[in-house]
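Close look at the chain arrangement
Chain by chain, the residues run as shown.
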Amino acid sequence: MIYIGIDNGLHGGMVALNDDGKIIAKAIMPIYPKKKVKGERQFVVERDLCKWLKKLKAQGPCKVCLERPTFSQSATAAVSMHDSFGTTRTVIKLLGMALIEVDPKHWQACFWKKPKNSNEIGWTTKNQALRTVNNNWLNINWLNPDKPKSRTPHDGMIDACLIAEYRRRFYE
């Protein structure tokens, strides 16, 4: 069985795990245009998403876990998140893959508990997610492959890995 986690959105990511929890594929969400141009919206590229998922489906049965859009900073961001979610969900369904949808708070609660003094100590879910993947998957490069000079881990791929692990370990 292949377990696929997808962190929805334009800065999202996709990770596939095997039965043992080993990462067998990871990618950032394919978007167009690659660079944001003022006044122009970016979109998930259905063709590239479909190609990535088909490669995995060819290796064996797949179970996909897609993160639902929740809080957004603005109405524009909300529209973008829901558009990405709808596109991604449609591609998965058209490929006939087993799909569950999960809220961020639900899969996160399976991996950590937010400390009571989180604001005081500078604790964030993004930092905790990075600590969790680094503790469970050693020597994995989480940097954005499209930005070779970047030294910042790609939040979307990190979350997608934990979403896939949630699907593998906690949801059956």
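The structure we're discussing is the one just above.
Just so it is clear, the model here is predicted, and its values are computed rather than measured.

**Examining the pattern of salt bridges**
For the structure on display, the rule yields eight salt bridges. Close ionic contact of Asp-103 with Arg-68 constitutes a salt bridge, the shortest N to O distance being 3.2 Å. Residue Asp-103 is found in the loop between β7 (98–102) and α3 (104–109), and its partner Arg-68 is found in the loop between β6 (62–67) and α2 (75–94); the two are separated by 35 residues along the sequence. Here Asp-103 falls in the partly exposed class, since its relative accessible area comes to 34%. Classification of Arg-68 as partly exposed rests on a relative accessible area of 31%. Across the pair Arg-89 and Glu-101 runs a salt bridge whose closest N-O atoms are separated by 2.4 Å. Of this pair, Arg-89 sits in helix α2 while Glu-101 sits in strand β7, and the two are 12 residues apart along the sequence.

**Let's talk about the packing of aromatic side chains**
According to the stated counting rule, one finds four aromatic pairs in the structure shown. When the centroid spacing of 6.0 Å and the interplanar angle of 75° are considered together, the rings of Trp-107 and Trp-112 count as edge-to-face. Summarising the burial analysis for this pair, Trp-107 and Trp-112 share the class buried. Connected via pairs of aromatic rings, a cluster forms that spans Trp-107, Phe-111, Trp-112, Tyr-166 and Phe-170. Residue placement shows Lys-26 over the ring face of Trp-142; its charged tip is 5.8 Å from the ring centre.

**Thoughts on the sheet that holds β7**
Reading across the sheet, the five strands line up as β3-β2-β1-β6-β7 and stay open at both edges, with mixed pairing between neighbours. One side of each edge strand has no neighbouring strand; the edge strands of this open sheet are β3 (23–28) and β7. Taken pair by pair, the neighbouring strands of this sheet meet at an average axis angle of 15°, ignoring direction. In this structure, β6 lies alongside β7, joined through five bridges in parallel fashion. Residue pairing for β7: Leu-66 is matched across the bridge by Glu-101. In this fold helix α1 (residues 46–59) packs onto β1 (2–7), β2 (13–17), β3 and β6, with an angle of close to 175° to the strand it touches most, β3. Contacting β1, β2, β3, β6 and β7, helix α6 (residues 155–169) crosses the sheet at an angle of about 140° to β1.

**Digging into the pairing of β3**
Sheet topology note: the β2/β3 ladder contains five bridges and is antiparallel. Considered in β3, the bridge of Val-15 is made with Lys-26. Connecting β2 to the antiparallel partner β3 that follows it, the hairpin turn spans five residues, and Gly-21 within it adopts a positive phi of roughly 85°.

**As for the nonpolar core**
With 25 residues, the main nonpolar core has Ile-4, Ile-6, Trp-52, Leu-53, Ile-92 and Met-97 as its most contacted residues. Elements with a minimum of two residues in this core: β1, β2, β3, α1, β6 and α2. The leading source of residues in this core is α1, at five residues. In contact with Ile-6, not counting residues within four places along its chain, are Gly-13, Met-14, Met-29, Val-64, Cys-65, Leu-66, Glu-67, Thr-88, Ile-92, Ala-160 and Ile-163. The next biggest cluster of nonpolar side chains, apart from the first, holds 23 residues, and it includes Ile-23, Val-133, Trp-137 and Trp-142.

**Quick word on the packing of α1 against α2**
For the pair α1 and α2, interaxial distance at closest approach is 10 Å and the crossing angle is 40°. Regarding the angle of α1 to α2, the classification is oblique. Of the two elements, α1 crosses α2, and the hand of that crossing is right-handed. Listed contacts from α2 to Glu-46, Leu-49, Cys-50 and Leu-53 of α1 are Thr-87, Thr-88, Val-91 and Ile-92.

Rules and cut-offs
Residue positions are given per chain, counted from 1 along the sequence in the order it is written. Local features in a predicted model are, by the rule used here, given only for residues with pLDDT of at least 70; side-chain atom pairs are given and counted only at 80 or more, and totals for whole chains, interfaces and linings are based on all residues. Side-chain numbers here rest on the full set of heavy atoms in the structure, without hydrogens or water. Any Lys or Arg side-chain nitrogen located within 4 Å of an Asp or Glu carboxyl oxygen qualifies as a salt bridge. The secondary structure listing takes helices from DSSP runs of H or I that are at least 4 residues long and strands from runs of E that are at least 2 residues long, numbered from the N terminus. The cut-offs for exposure are 20% and 50% of the maximum accessible area for each residue type, with area from a 1.4 Å probe on protein chains only; residues under the lower value are buried, those over the upper are exposed, and the others partly exposed. Each Phe, Tyr or Trp ring (for Trp, its six-membered ring) is paired with any other whose centre lies within 6.5 Å, and the angle between the two planes then decides the class: stacked below 30 degrees, edge-to-face above 60, tilted in between. In this scheme, the term charge over a ring applies when either NZ of a lysine or CZ of an arginine sits within 6 Å of the ring centre and within 35 degrees of the ring normal. Here a strand pair is declared whenever DSSP counts at least two bridges between the two strands. As a rule, the C-alpha atoms of each element are fitted with a line to give its axis, helices using only the stretch in contact, and angles between N-to-C directions run from 0 to 180 degrees. The contact criterion used throughout is that any non-hydrogen atoms of two residues lie within 4.5 Å. What is meant by a nonpolar core is a set of buried Ala, Val, Leu, Ile, Met, Phe, Trp, Tyr and Cys residues, joined one to another through side-chain atoms within 4.5 Å. With respect to orientation, any angle under 35 degrees is reported as roughly parallel, any angle over 145 as roughly antiparallel, any angle of 65 to 115 as roughly perpendicular, and every other angle as oblique. Should the near helix be turned anticlockwise from the far one by less than a right angle, the crossing is left-handed, and should it be turned clockwise, the crossing is right-handed.

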